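# Observations on chain architecture
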There are 2 protein chains.
Amino acid sequence: MNKINKKTEYALMALKYFSDNTQGPVLVSAKDLAEKTHTPFDVIARVLQALSSRGILKAEYGVSGGYQLVKNLEDITVYDLMNILESSTELAKCLGSETSCELSSTCTIVSPITNLNHRVQNFYKSISLAEVLHV
Amino acid sequence: MNKINKKTEYALMALKYFSDNTQGPVLVSAKDLAEKTHTPFDVIARVLQALSSRGILKAEYGVSGGYQLVKNLEDITVYDLMNILESSTELAKCLGSETSCELSSTCTIVSPITNLNHRVQNFYKSISLAEVLHV
DNA sequence: TTAAATACGATTAATTTTGACGTATATACA
DNA sequence: TGTATATACGTCAAAATTAATCGTATTTAA
């Protein structure tokens, strides 16, 4: 299918919100972001947690808590984001770690797929979120 | 996500078989290809039909029929193959023709996603199957 | 006429994605 | 010090997508 998933889309929305609103309050809660972006709270909350655990956002607990953007969008690639939020960044299932394919012993396209996979990943590594969001 | 589907994988196997066996008989049946590639007959049969309807293979009916590669792999791009066999080549659902997204009126990332989508598609258009398969 | 091939509509099974629920933990503030 | 509000996260259910199968029609060589 070649699609990014909803979580990655929601993350782009959230990150765009952060980078478009550098004037307002630094901390933005998941609830606020869900409202601003019109996305389901539970899902975007998970997304924010994931971004926070990977050092893109910083979380603050408690009543007036929320998230803060602590990394430069120039320094985050599309690949990074996919790596955090997609179930896998591999082009084919057989390339994902241990989950081997039943065809693997006879498969004739392991090296073609592996090669293409690298090219695709390098392509996504070459694009920063700043480039994507500041259009 | 970001994965190619089984049909595209099977197509790569089939096309590799054709391009690796230019000495043997020109016509290869779906049954033969299913055996050679260890893939389910019904599925690869559909794949071959699709490739044939798009002018990559030529089909011959009847008892000693089968398929023949009639296009140069240099002239088929990865994008072409995806376009034939993937349900969609768009990076996000909202970009696919009429199926509009319920967020579209408030969505803040339409143009970023659209832009990224073009870049991804151009990337896939820049790689030929010859490049991919002859590794 | 029969066997073996492509063509394709329709349906089922399997997998993945998306979203929701429940609960634990942390913190500001009255 | 209690309460409201925030993050954190395990688990599960619903929805959507992908993969595979079944059935039947059509074509053609022998």
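Before reading on, note that the structure itself is shown above.
Residues numbered from 1 in each chain as written. Chains lettered and ligands numbered in written order. Predicted model: local features only at pLDDT ≥ 70, side-chain atom pairs only at ≥ 80, totals over all residues. Heavy atoms only, no water.

## Structural notes on the packing of helix α5 (residues 110-125) of chain A against helix α5 (residues 110-125) of chain B
- It is the contact of α5(A) with α5(B), at a shortest axis distance of 11 Å, that shows an interaxial angle of 150°. Every pair of crossing elements has a handedness; the one defined by α5(A) and α5(B) is right-handed. Counted together, R119(A), V120(A), F123(A) and Y124(A) of α5(A) and R119(B), V120(B), F123(B) and Y124(B) of α5(B) form the full contact between these two elements.
- For the contact of α5(A) with α5(B), the residue count by class is six nonpolar, no polar and two charged. (Axes fitted to C-alpha atoms, helices over the stretch in contact; angles between N-to-C directions. Helix = DSSP H or I, 4+ residues; strand = E, 2+ residues; numbered from the N terminus. Left-handed = near helix turned anticlockwise from the far one by under 90°. Contact = heavy atoms within 4.5 Å. Nonpolar A, V, L, I, M, F, W, Y, C, P; charged D, E, K, R; others polar.)

## Description of the interface of chain A and chain B
- Facing the 41 residues of chain A at the interface are 41 residues of chain B.
- Summed over both sides, the interface between chain A and chain B buries roughly 4,100 Å², with carbon and sulfur atoms accounting for 64% of that surface.
- The largest contributions to the chain A side of the interface with chain B come from M1(A), N2(A) and K3(A), which together make up 18% of the buried area.
- At the surface where chain A touches chain B, the tally comes to two salt bridges.
- Residues E131(B) and R119(A) are paired through a salt bridge, measuring 2.9 Å at the closest nitrogen-oxygen approach.
- Summed over the shared surface of chain A and chain B, the number is 12 residue pairs in polar contact (both at pLDDT 80 or more).
- Secondary-structure elements contributing two or more residues to the side of chain A that touches chain B are α1 (6-20), α5 and α6 (129-133) of chain A.
- Top contributing element to the side of chain A that touches chain B by residue count: α5(A), with nine residues.
- Considering only residue class, the side of chain A that touches chain B consists of 21 nonpolar, 11 polar and nine charged. (Buried area = accessible area lost by both parts, 1.4 Å probe. Salt bridge = Lys/Arg side-chain N within 4 Å of Asp/Glu carboxyl O. Polar contact = N/O pair within 3.5 Å; in protein donor to acceptor, adjacent residues only side chain to side chain.)

By themselves, these are just geometric observations and shouldn't be taken as functional.
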